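# Remarks on the overall topology
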Amino acid sequence: MTQALVIVESPAKAKTIEKFLGPGYKVLASYGHVRALPSKQGSVDVAHDFTPKYAVLAESKRHIEAIRKALKESDRLLLATDPDREGEAISWHLLAALGLDRGKTTVPVQRVVFHEITKNAILHAVANPREVAQELVDAQQARSILDYLVGFTLSPYLWKKIRYGLSAGRVQSVALRLICEREKEIAAFVEQEYWTLAAQLAKSAGQEFTAGLVQLDGKKLDKFAIPDATLAEELKKRFATADWHVAQVTRSEKKRYPAPPFTTSTLQQEAARKLGFSAKKTMSTAQKLYEGVAIGSGGTVGLITYMRTDSVNLSTQALTEAHELIERQFGKDYALAKPRFFKNKAKNAQEAHEAIRPTDLNRTPAELKQFLAPDQLKLYELIWKRTVACQMKEALLDQTSVDIEATTGRKSPLAAEAASAAGGLFRATGSVIRFDGFMKLYIEGTDDEGDDQEGKLPPLSDGEVLNLRELLPEQHFTQPPPRYTEASLVKALEEYGIGRPSTYASILNTLVERKYATLEKKRFVPQDIGMVVSNHLSEHFERYVDYNFTAGLEEELDQVARGEKQWKQLLGEFWGPFKARLDQKMKDVAQGSATTEVTDELCPECNRPLAVKLGKRGKFIACTGFKEGCKYTRPLVKEGDAAQEAAEPVFSEEKCDKCGAPMLIKDGKWGKYLACSGYPACKNIQPLVKPKGTGVACPECKEGELTEKKSRYGKIFYSCNRYPKCKYAVWDPPVAEACPKCAHPVTVNKTTKRDGTYRKCPQDGCGWSTLPEKAEQIAKPKTARKTKP
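Residues numbered from 1 in each chain as written. Predicted model: local features only at pLDDT ≥ 70, side-chain atom pairs only at ≥ 80, totals over all residues. Heavy atoms only, no water.

## Some remarks on the packing of helix H3 (residues 85-97) against helix H5 (residues 134-161)
Angle between the axes and distance between the axes are the two parameters that describe a pair of packed helices. Spelled out, the test is: Note on geometry: axes are C-alpha line fits, over the in-contact stretch for helices, and angles between N-to-C directions span 0 to 180 degrees. Every helix listed is a DSSP run of H or I at least four residues long, and every strand listed is a run of E at least two residues long, numbered separately from the N terminus. Roughly parallel refers to an angle under 35 degrees, roughly antiparallel to one over 145, roughly perpendicular to one between 65 and 115, and oblique to any angle outside these ranges. Whether two residues touch is decided by their heavy atoms; if any such pair falls within 4.5 Å, the residues are in contact.
It is at 8 Å that the axes of H3 and H5 come closest, and there the two elements cross at 100°. It follows from the interaxial angle that H3 and H5 lie roughly perpendicular. Seen from H3, the contacting residues are Arg 85, Glu 86, Glu 88, Ala 89 and Trp 92; seen from H5, they are Gln 134, Leu 136, Val 137, Ala 139, Gln 140, Gln 141 and Arg 143.

In structure tokens form, the structure reads like this:
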């Protein structure tokens, strides 16, 4: 029986598609990439026109053999890998791995593309095959080789100049720079105090509202017009006796429009805001929804369209489904007369695909709840609501702005000379939703933590007299720019046009795994090593971590994909200047210069200069005379660190038992400890928490006492207080009672979950215990091992 062999990337997808195609088709999975550039030097032959030396992945060999075997029984090969450049390249690599890339095909080879895993989409794709698009393959090859050339030349450079094991990447290093530049902005930020004055007013009927001071004696106030409490209190006293009336009421209609359907980037951002998902979690969950989920009698079906896209377009079918669903569930008032179309604002957007949407909008989240895992349901509901909402009518808001005059008999020193009015202008704003439109279903999240919703105002008219209830001066301070969240960093990368949205999840994950940055309260905080690497690259390779340069390179890759530029030409234009810069910096930059910063402070032990150095645990202060034998170090007190800001010695109540000087509390590798303040003349150190005595004499030296101590890993043990002269120690609490079997002077109390607490002898080979079964087990003689003659 003849059959067509279809190749997809994942086994889950293979099962779903084989069910749709039926008899005559066999669907196998390549399990992702089958060939790649080996992770070693020399995988790209730069001297011979950037010839890549691809190798079949070890884990892919058995899958390729399975495909090769099935191909012998097939009369047609259909490559159905993902509908993007990476998927196109996987199809091309698969042909090469099978030996079918040089016109050696024994069966027709065709490429089929679909953006959703539904029966109609699959059948349509199979009925309309095409050839492998070499331009897309070349663009992906160029990207892979660029990333390889940067990673495998710049990373070894960092190993030599900073520390072994560091990595650099064409896009990764630019993302790190964004994080580090923001941290510098925060460190350089100087907060500024300012005040506002609000008036709590009421109509005669008692309806209250609040208005803020915006104009004083005819002069418009800026943010810092009231700089301190003194002026705020002066204004409060002045307006306490003012006459209040409505000067003008302005009413307007405001329209609010829905956000476009999801792209890869906006899905990652919104899932981070609303669901708390990392970019990696969002993409892995979306992958499962795309590949197919079993939904009862409906079988396994893909629930969303392809999740790697930067298009905001929707198909005619999806627009029709959305219109019908909105009319049915929300009424005709919420449905648009004509579909709404969106324009992509992202740089380098590729509009060939659709936006991320449900494959069938009639599959509501409520209907799928019983079939989906909790995270899958959350993400599907987010996609479903966003898709439907983008085709609902806009919301209508009635916005009201009320200007209120407070008339006084005297002018402020802030008044304009030409102003005739002696008083202030206060303003209150409010809005009321007249028609909720799309907001009935979905409102896009925001990265701002504040709530910008306006309150409601009572009915007011021009000239209406108002009563003052209270004046409310309030102190404020300007805030530094916030650290990046995953959502805001993804947004920044997309706005700059850096990288592809499909790579953002892995880039952010790499920054954390490499310990260049940590996530604290879901925000990226650069670590010392991340700052050092970023500063070094910005200083010595400024062009290659420049935002515009990296975005421009993405545009050139797009030109290759459109057939407007040759991929090897792109590589040549990049590699020449980059390699020249790398070779020059390898000669000019001294090893360790990036990790050592000499200070003006002198070492208290040898009088040599101290330096800020970078260690495995971050920056610290060390003597530059280390090679000459000076071992002086201390923690680096970072500016703004309240715990260490004073940098003064902390004295304990203890006195040194050797010289009588006060003991200092210090931080060491294993925690806090006591050290003599007479150092270096006296080098006595003691534990901060003194060992507890047990009252049991040491059975070995007969002079010391067994004391309770804690190991470096936090486990309690008991040892002689004459250590290191006597090294006797046991893990369990000692008891001053001799063993009835071997007469050892000390026994111990052993506690386990299974047996509770019982007494035993600590001596090896004795085996005595108050638990009979334990004693029997231990007392059994061990079988002697046979030895060779």
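## Quick notes on the pattern of salt bridges
Put simply, the test is: Salt bridge criterion: a side-chain nitrogen from Lys or Arg within 4 Å of a carboxyl oxygen from Asp or Glu. Exposed residues in this analysis have more than 50% of their type's maximum accessible area, buried residues have under 20%, and partly exposed residues fall in between, with area computed by a 1.4 Å probe over protein chains only.
Evaluated as defined, the whole model comprises 38 salt bridges. With a closest N to O distance of 3.0 Å, Arg 111 and Glu 88 form a salt bridge. Taken together, the residues Arg 111 in strand E8 (residues 109-111) and Glu 88 in helix H3 connect sequence positions 23 residues apart. For Arg 111, a relative accessible area of 0% puts it in the buried group. With a relative accessible area of 1%, Glu 88 lands in the buried category.

## A word on unusual backbone geometry
Cis geometry is adopted by the peptide bond preceding Pro 680, which originates at Tyr 679 and carries an omega value of 10°. Following the sequence through the fold, Pro 680 ends up in the loop between strand E26 (671-676) and strand E27 (685-687). That bond from Tyr 723 to Pro 724 is cis: its omega, 10°, falls within 30 degrees of zero. Relative to the elements of secondary structure, Pro 724 occurs in the loop between strand E30 (716-720) and strand E31 (729-730). Even without being a glycine, Phe 50 presents a positive backbone phi close to 55°. By the secondary structure assignment, Phe 50 is in the loop between strand E4 (44-45) and strand E5 (51-52). Its relative accessible area of 7% is what places Phe 50 among the buried residues. Positive phi is not limited to glycine here, since Lys 521 has a value of about 55°. Topologically, Lys 521 is positioned in the loop between strand E18 (517-520) and strand E19 (523-526).

## Notes on the packing of aromatic side chains
How two aromatic rings sit relative to each other is set out by the distance from centre to centre and by the angle between their planes. The following threshold applies: Between 30 and 60 degrees the pair is tilted, below 30 it is stacked and above 60 it is edge-to-face, where a pair is any two Phe, Tyr or Trp rings, Trp via its six-membered ring, whose centres lie within 6.5 Å. In this analysis the charged atom, NZ for Lys or CZ for Arg, is taken to sit over a ring once it is within 6 Å of the ring centre and within 35 degrees of the ring normal.
Here the structure, examined in full by the defined rule, presents 20 aromatic pairs. With a centroid separation of 5.5 Å and an interplanar angle of 90°, the aromatic rings of Phe 239 and Phe 426 are classed as edge-to-face. One end of the pair, Phe 239, is in helix H7 (residues 229-239); the other, Phe 426, is in strand E16 (residues 423-435), with 187 residues separating them in the sequence. Each member of the pair, Phe 239 together with Phe 426, is buried. Ring centres 5.4 Å apart and planes at 85° place the aromatic pair Tyr 544 and Phe 549 in the edge-to-face group. Note on accessibility: Tyr 544 and Phe 549 belong to one class, buried. One aromatic cluster is present, formed by Tyr 157, Phe 541, Tyr 544, Phe 549, Phe 574, Trp 575 and Phe 578 through successive ring pairs. The ring of Tyr 484 has Arg 182 sitting right over it, with the charged end atom 4.4 Å from the ring centre. The ring centre of Trp 731 lies 4.4 Å from the NZ or CZ of Lys 715, which sits over that ring.

## Things to note about the pairing of strand E21 (residues 609-615)
What counts is decided by this rule: Strands are treated as partners if at least two bridges between them are detected by DSSP.
Most of E21 sits out of view: five of its seven residues are buried. Of the pairings in the sheet, the one linking strand E20 (residues 596-602) to E21 comprises four bridges and is antiparallel in character. Bridge pairing in E21 places Glu 597 opposite Val 612. The hairpin turn running from E20 into E21, its antiparallel successor, is six residues long, and Asn 607 in that turn takes a positive phi close to 70°.

## Quick notes on the environment of Glu 324
Residue position: Glu 324 is located in helix H10 (residues 316-330). Owing to a relative accessible area of 45%, Glu 324 belongs among the partly exposed residues under this scheme.

## Some remarks on the sheet that holds E31
Spatial ordering of the open sheet is given by E28-E29-E30-E31, a layout of four strands whose pairing is antiparallel. Across the chains shown, the open sheet's two edge strands, defined by having one partner strand only, are strand E28 (692-697) and E31. Where E28 and strand E29 (residues 705-710) come together, three bridges link them in antiparallel fashion. In the sheet register, Ala 697 faces E29, and the bridge partner there is Glu 705.

## Points about the sheet that holds strand E33 (residues 747-752)
The antiparallel open sheet is built from three strands, whose spatial order is E32-E33-E34. A single partner strand is all that each edge strand has here, and the edge strands are strand E32 (734-735) and strand E34 (756-760). Relative to E33, E32 runs antiparallel, the two being bridged by two bridges. Counterpart to Pro 734 in the pairing with E33 is Val 748.

## Overview of the nonpolar core
Defined as follows: The nonpolar core is taken to be a set of buried Ala, Val, Leu, Ile, Met, Phe, Trp, Tyr and Cys residues, with the residues joined through side-chain atoms within 4.5 Å.
Leu 154, Leu 303, Ile 304, Leu 379, Val 388 and Val 533 are the most contacted members of the largest nonpolar core, which has 119 residues in total. Of the residues forming this core, the biggest block, eleven residues, is contributed by H5. Apart from the residues within four sequence positions on either side, Val 388 is in contact with Leu 325, Ile 326, Phe 330, Leu 361 and Leu 441. One finds Leu 213, Val 246, Val 402 and Ile 404 within the second-largest nonpolar core, a separate group that totals 27 residues.

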